[in-house]
Amino acid sequence: MTETNILRAGFCAIIGAPNAGKSTLTNRLVGAKVAIVTHKVQTTRFPVRGVMQTGDTQVVIVDTPGIFAAKRRLDRAMVKAAWGGAEDADCIVHLIDASAWVAEAEGKASGAQRHSLEDDRRVISQLKEAGKRAILALNKIDLFPHDRVLPVIAALSAEGVYDEIFMISAEKGDSVDKLEAAIAARMPEGPALYPPDQVADLPMRILASEVTREKLMLRLHQELPYQLTVEAESWEEHENGSVRIQQVIIVGRDSHKAMVLGKGGSLIKEIGKQARAELTQMLDRPVHLFLFVKVDERWQERRESYSGIGLEFDV
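A few words on the state of the cysteines. In total, this model carries 0 disulfides according to the counting rule given. The cysteine Cys 12 is free of any disulfide, with Cys 91 supplying the nearest cysteine sulfur at 3.7 Å. Among the residues examined, Cys 91 registers a relative accessible area of 3% and is labelled buried.

Structure follows, in structure tokens:
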């Protein structure tokens with residue numbers, strides 16, 4: 001598709017509780033990996049914009065951090081970024097983990113699911129306060145028979161903030177095409193916002209750091225994934241087409257550094273191997289990746305840790 005074929009273009013923000021599946025849905029709609037995905041909550045730390053093209057319409061999908069009760073500075077910055085992504089969008093999709101609502105309706109909700117429900121209700125309340133309307137996407141409907149979600153649909157429909165409701169599976173792709181059509185229909189007339197071959201507006205060096213952070217989050221447990229960040233120290237393009245990337249993994253304690261390194265450096269070696277393989281595929285050229293670990297107890301309180309990824313420090 002050429003840029004001149006685009007007759008409508010706009011922004012769609014995907015908001016919701018942590019771990020509702022926003023990044024999975026973003027990647028599905030865009031048709032390429034632009035957001036990292038893990039089974040852990042709060043994986044996304046800043047709005048990631050992916051470009052979806054369907055027919056004569058271009059949609060910039062804004063994958064936002066999960067909306068939750070924020071206490072720490074980093075958490076507050078993430079939640080503010082999430083609502084900022086929704087404020088100016090032409091369309092808002094509120095993505096909900098339907099399995100949590102079904103479990104609650106049947107009296108079987110786990111502690112994590114109850115937290116998710118609280119976050120969902122907070123989003124609904126804030127949509128009402130802001131006078132915003134949204135498309136509701138009930139995700140993970142592949143996990144239970146559909147008749148069990150009918151009472152949930154009735155209850156959420158009664159909230160009065162949703163124009164349309166879709167039952168989808170972002171992971172499997174079920175009914176995502178219907179949601180895609182509904183999003184496209186809400187875009188205003190106008191020229192393309194991005195070139196037709198661009199799938200994200202995230203600088204490649206940040207996306208590369210995010211790939212490494214994803215691999216770390218998948219391997220590390222409990223609180224540690226939230227106490228680290230990954231930054232690109234250098235990015236060198238070579239004449240033979242390869243790229244040399246040096247990244248630093250910043251942790252808050254010496255004990256965390258030992259966990260990231262692993263016995264005899266085995267874990268960081270494995271992380272580097274996985275990240276390099278994915279980056280080689282994404283960039284379609286040889287990648288030489290070098291990882292280092294640094295301890296900085298106050299990295300979450302440093303302004304530069306936020307400005308580099310587009311988060312506000314003073315929140």
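Next comes the rest of the write-up.
Turning our attention to the side chain of Asn 139. Along the polypeptide, Asn 139 turns up in strand 5 (residues 134–139). On the basis of relative accessibility, which here comes to 3%, the residue Asn 139 falls in the buried class. If we ignore the near neighbours within four places in the chain, the residues touching Asn 139 are Ala 20, Gly 21, Leu 95, Ile 96, Asp 97, Ala 98, Ser 99, Ile 168, Ser 169 and Ala 170.

To continue, consider unusual backbone geometry. Despite not being glycine, Lys 140 has its phi angle at roughly 70°, a positive value. Mapping Lys 140 onto the fold places it in the loop between strand 5 and helix 5 (150–157). Residue Asp 284 is not a glycine yet carries a positive backbone phi of 55°. Within the fold, Asp 284 resides in the loop between helix 9 (266–283) and strand 9 (287–295).

Turning next to the sheet that holds strand 2 (residues 48–54). Here 6 strands make up an open sheet; going across it, the order is 2-3-1-4-5-6 and the pairing mixed. Since the sheet does not close on itself, it has two edges, and those belong to strand 2 and strand 6 (162–167), each with one partner. Sheet twist, expressed as the mean angle between neighbouring strand axes with direction ignored, is 25°. Relative to strand 3 (residues 57–63), strand 1 (residues 8–16) is paired through 7 bridges, and the arrangement is parallel. Counted as the bridge partner of Cys 12 is Ile 61 from strand 3.

With that settled, the discussion passes to the environment of Leu 267. Turning to its location among the elements, Leu 267 is positioned in helix 9. Between the alpha carbons of Leu 267 and Arg 219 there is a distance of 8.5 Å; along the sequence they are 48 residues apart. Setting aside residues up to four positions removed in sequence, Leu 267 forms contacts with Arg 219, Leu 220, Met 259, Val 260, Leu 261 and Gly 262.

Attention shifts here to the side chain of His 94. Among the structural elements, His 94 can be located in strand 4 (residues 91–97). With residues near it in sequence (within four places) discarded, His 94 still touches Ile 15, Gly 16, Asp 120, Val 123, Ile 124, Leu 127, Ala 134, Ile 135, Leu 136, Ala 137 and Tyr 162.

This next bit is on the nonpolar core. Formed by 24 residues in total, the largest nonpolar core has its most connected members in Leu 25, Val 93, Leu 179 and Ile 183. For this core, the secondary structure elements donating two or more residues are strand 1, helix 1 (22–30), strand 2, strand 3, strand 4, strand 5 and helix 6 (176–185). A per-element tally of this core places helix 6 first, with 4 residues. In this structure, Ala 208, Val 260, Ala 275 and Leu 291 belong to the second largest nonpolar core, which totals 22 residues.

Scoring rules and cut-offs
- Residues numbered from 1 in each chain as written.
- Predicted model: local features only at pLDDT ≥ 70, side-chain atom pairs only at ≥ 80, totals over all residues.
- Heavy atoms only, no water.
- Disulfide = S-S within 2.5 Å.
- Buried < 20%, exposed > 50% of the residue type's maximum accessible area, 1.4 Å probe, protein only.
- Helix = DSSP H or I, 4+ residues; strand = E, 2+ residues; numbered from the N terminus.
- Contact = heavy atoms within 4.5 Å.
- Pairing = 2+ DSSP bridges.
- Axes fitted to C-alpha atoms, helices over the stretch in contact; angles between N-to-C directions.
- Core = buried A, V, L, I, M, F, W, Y, C linked by side-chain atoms within 4.5 Å.

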